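Understanding the architecture of this molecule
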Amino acid sequence: MSGTPLIRNAGSSDPGLKRSVNEDSILLHEDHGFWLVADGMGGHERGDVASQAAVAGFAACSLPADFESAVQEVANRFYQINHQLWEAGDPASAAHMGTTAVALLIRDKRFAVLWVGDSRAYIFRSGGLFQLSTDHTQVQELVDEGILTQEDARNHPMSHVLSRALGVAPAVQVDIVQDQLEVGDRFLLCSDGLTGPVDDNQIRILLGNPDPHAAARSLIAAAHDAGAPDNVSVIIVDALPPTGGF
Ligand code: CA
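Residues numbered from 1 in each chain as written. Predicted model: local features only at pLDDT ≥ 70, side-chain atom pairs only at ≥ 80, totals over all residues. Heavy atoms only, no water.

**Some remarks on the sheet that holds strand β4 (residues 101-107)**
Two strands in a sheet stick together by hydrogen bonds in their backbones, pointing the same way (parallel) or opposite ways (antiparallel). Condition: Here a strand pair is declared whenever DSSP counts at least two bridges between the two strands. Secondary structure is summarised from DSSP: a helix means a run of H or I of at least four residues, a strand means a run of E of at least two, and numbering begins at the N terminus for each. Axis lines are fitted to C-alpha atoms, over the contacting stretch for helices. Their N-to-C directions set the angle, which ranges from 0 to 180 degrees. It only takes one pair of heavy atoms within 4.5 Å for two residues to be counted as in contact.
Taken together, the five strands give an open sheet; going across it, the order is β2-β3-β4-β5-β8, and neighbouring strands pair in antiparallel fashion. The two strands at the open ends of the sheet, each matched to only one other strand, are β2 (24-29) and β8 (175-180). Neighbour-to-neighbour, the strand axes of the sheet open up by a mean angle of 10 degrees, direction not taken into account. Pairing of strand β3 (residues 34-39) with β4, which is carried by four bridges, proceeds in the antiparallel orientation. Across the sheet, the residue bridging to L36 is A103, located in β4. Each of β2 and β3 is contacted by helix α1 (residues 47-59), which is oriented at about 10 degrees to β2, the strand it contacts most. Packed onto the sheet, helix α2 (residues 67-88) meets β3, β4, β5 (110-116) and β8 and runs at close to 10 degrees relative to β5.

Right, here's the structure in full:
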C-alpha cells in the first residue's frame with residue numbers, strides 16, 4: 001500500500017527476579033498493525049489468566065483496514081474483554097480477575113493508543129521520549145488534581161494501586177490518544193515491571209539503540225539490574241520509511 005510505513009517490531013515478556021509466575025502477556029500482531037501489553041493484577045486471583053484472556057481477545061481477530069473503524073473495534077473489544085472477565089469472576093468473592101491493557105494500532109500514517117490501567121505507551125521521536133498514556137492509578141489522579149507532584153507519585157507507597165482495570169467492574173472507560181505517524185517513530189509498550197525500577201531517562205537512553213531486539217533486551221536487563229521485583233514486558237515498534245517515500 002503506497003505510503004504505508006514498513007513496520008519492524010520486537011517484544012519480550014520476562015518473569016523478573018522475584019516472581020515465579022509471569023502474569024504479563026504480550027501480543028505482536030504485526031500483520032494487523034496491532035500490539036498489546038497486558039499485566040494481570042497481582043493480589044487478584046489468576047492474574048495470568050486475565051492477561052492471557054486480553055491477548056486472546058485480539059489474537060484471533062482481524063481488525064478493519066480503515067483507521068477510525070479499527071480504533072472503534074479495538075475499544076469495543078476492550079469492553080467485551082472487561083465484560084467477559086467480570087462475568088467469569090466469583091460473585092461470592094471480592095477477588096475478580098483483572099488486567100491492565102495498553103494497545104497500539106497503526107494504519108497508514110496514523111496511530112492510536114488505547115489503554116486501561118498503568119501499563120504504558122511511549123513514543124520515542126527525534127531522540128526524545130514522550131509518554132502517550134496516563135496511568136490509571138489512584139496516585140496519578142491525585143497528581144492530576146494537583147494534590148501530589150509527579151515526584152511524590154513516583155515514590156508513593158500506593159503508587160501501583162489502580163483506579164481502572166479490565167475485569168474488576170461491570171463497566172470500564174477506555175482512554176484513547178491518536179496522532180499522525182512520522183518516519184522514524186519508535187513506540188514502546190511496557191508493563192510497570194519496567195517503569196517501576198527503570199526511570200524514563202534510562203529508558204530513553206536504551207531506546208537509542210537502533211536494533212529493536214537489542215533495545216528490548218537492554219530494557220529487560222536494566223530492570224534485572226534494578227532487582228526486577230515484578231514481571232517485565234516490553235514491545236518496541238518502529239515505523240520505517242516505505243520504499244518510494246513516506
Ligand atoms: Ca506488574
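The structure having been displayed, the exposition proceeds.
**Remarks on the coordination of the calcium ion**
Octahedral metals with six donors have ideal donor angles of 90 or 180 degrees. Tetrahedral metals with four donors have an ideal donor angle of 109.5 degrees. Filter applied, for reference: Metal sites are built from N, O and S donor atoms within 2.8 Å, or 3.2 Å for Na, K and Ca, and they leave out water, so they may look incomplete. With a 1.4 Å probe rolled over the protein chains alone, any residue whose accessible area is under 20% of its type maximum counts as buried; one over 50% counts as exposed, and the rest are partly exposed.
In the first shell of the calcium ion, the protein supplies D39 (OD), D39 (OD), D192 (OD) and D230 (OD), at 2.3 to 3.1 Å from the metal. As a motif over one chain, the donors of the calcium ion read D-x152-D-x37-D. Taken together, the positions of D192 in helix α5 (residues 192-195) and D230 in the loop between α7 (212-225) and β10 (232-240) put the pair 38 residues apart, joining distant regions of the chain. The two residues D192 and D230 agree in class, both being buried.

**Re unusual backbone geometry**
Phi at D108 takes a positive value of approximately 50 degrees, unusual for a residue other than glycine. Classification of D108 by relative accessible area gives partly exposed; the value is 37%. In this structure, S126 is a non-glycine residue whose phi angle is positive, near 55 degrees.

**Things to note about the packing of α1 against α2**
This is how it is decided: Any angle between 65 and 115 degrees counts as roughly perpendicular, while under 35 counts as roughly parallel, over 145 as roughly antiparallel, and the rest as oblique. Two helices crossing with the near one rotated counterclockwise from the far one by less than a right angle form a left-handed crossing, whereas a clockwise rotation gives a right-handed crossing. Under the grouping applied here, Gly and all other residues not named as nonpolar or charged are polar, the nonpolar ones being Ala, Val, Leu, Ile, Met, Phe, Trp, Tyr, Cys and Pro and the charged ones Asp, Glu, Lys and Arg.
Following both chains from N to C, one finds α1 and α2 inclined at 140 degrees, their axes separated by 10 Å at the closest point. Taken together, the axes of α1 and α2 lie oblique to each other. For α1 against α2, the interelement crossing comes out right-handed. In contact with A50, A53, A54, G57 and F58 of α1, α2 contributes V74, R77, F78, I81, Q84 and L85. In terms of residue class, the contact of α1 with α2 is made up of eight nonpolar, two polar and one charged.

**Observations regarding the pattern of salt bridges**
Keep this limit in mind: We count a salt bridge whenever a side-chain nitrogen from Lys or Arg sits within 4 Å of a carboxyl oxygen from Asp or Glu.
With the rule as written, the count across this model stands at nine salt bridges. Notably, a salt bridge pairs D135 with R120, separated by 2.7 Å at the nearest N-O pair. Remark: R120 occurs in strand β6 (residues 120-125) and D135 occurs in the loop between β7 (128-131) and α3 (138-144); sequence separation between them is 15 residues. Note on D135: relative accessible area 12%, which makes it buried. By relative accessible area, which is 15% here, R120 ends up buried. Two residues, E182 and R125, come together in a salt bridge whose shortest N-O distance is 3.6 Å. With E182 in the loop between β8 and β9 (186-190) and R125 in strand β6, this pair connects stretches of sequence that are 57 residues apart.

**Points about α1**
Spacing of three or four residues puts side chains on the same side of an α-helix, whose turn is 3.6 residues. Keep this limit in mind: Here the expected length of a helix is defined as 1.5 Å per residue gap, with one fewer gap than residues.
The end-to-end C-alpha distance of α1, which contains 13 residues, comes to 18 Å, matching closely the 18 Å that a straight helix rising 1.5 Å per residue would cover. Regarding α1, the residues found buried are G47, A50, S51, A53, A54, V55, G57 and F58. Looking at the buried side of α1, the elements it contacts are β2, β3 and α2.

**Quick look at the nonpolar core**
Nonpolar side chains in soluble globular proteins generally cluster together in the buried interior. We apply this condition: Here, the term nonpolar core denotes a set of buried Ala, Val, Leu, Ile, Met, Phe, Trp, Tyr and Cys residues that are joined through side-chain atoms within 4.5 Å.
Core analysis: the biggest nonpolar cluster contains 29 residues, and F34, L36, F58, V74 and F78 have the highest contact counts within it. The element that contributes the greatest number of residues to this core is α2, accounting for eight residues. Those residues within four positions of V74 in sequence are excluded, and the remaining contacts are F34, F58, L63, A103, L105 and L114.

**Observations concerning the packing of aromatic side chains**
Note the cut-off: Any two rings among Phe, Tyr and Trp, with Trp reduced to its six-membered ring, count as a pair given centres within 6.5 Å; such a pair is stacked if its planes are under 30 degrees apart, edge-to-face if over 60, and tilted if neither.
Evaluated as defined, the whole model comprises three aromatic pairs. Arranged with centres 4.5 Å apart and planes meeting at 25 degrees, the rings of F34 and F58 form a pair that is stacked. In this pair, F34 sits in strand β3 while F58 sits in helix α1, placing the two residues 24 residues apart along the sequence. Per residue, the accessibility class of F34 equals that of F58, and both read buried. Taken together, F34, F58 and F78 form an aromatic cluster joined through their ring pairs.

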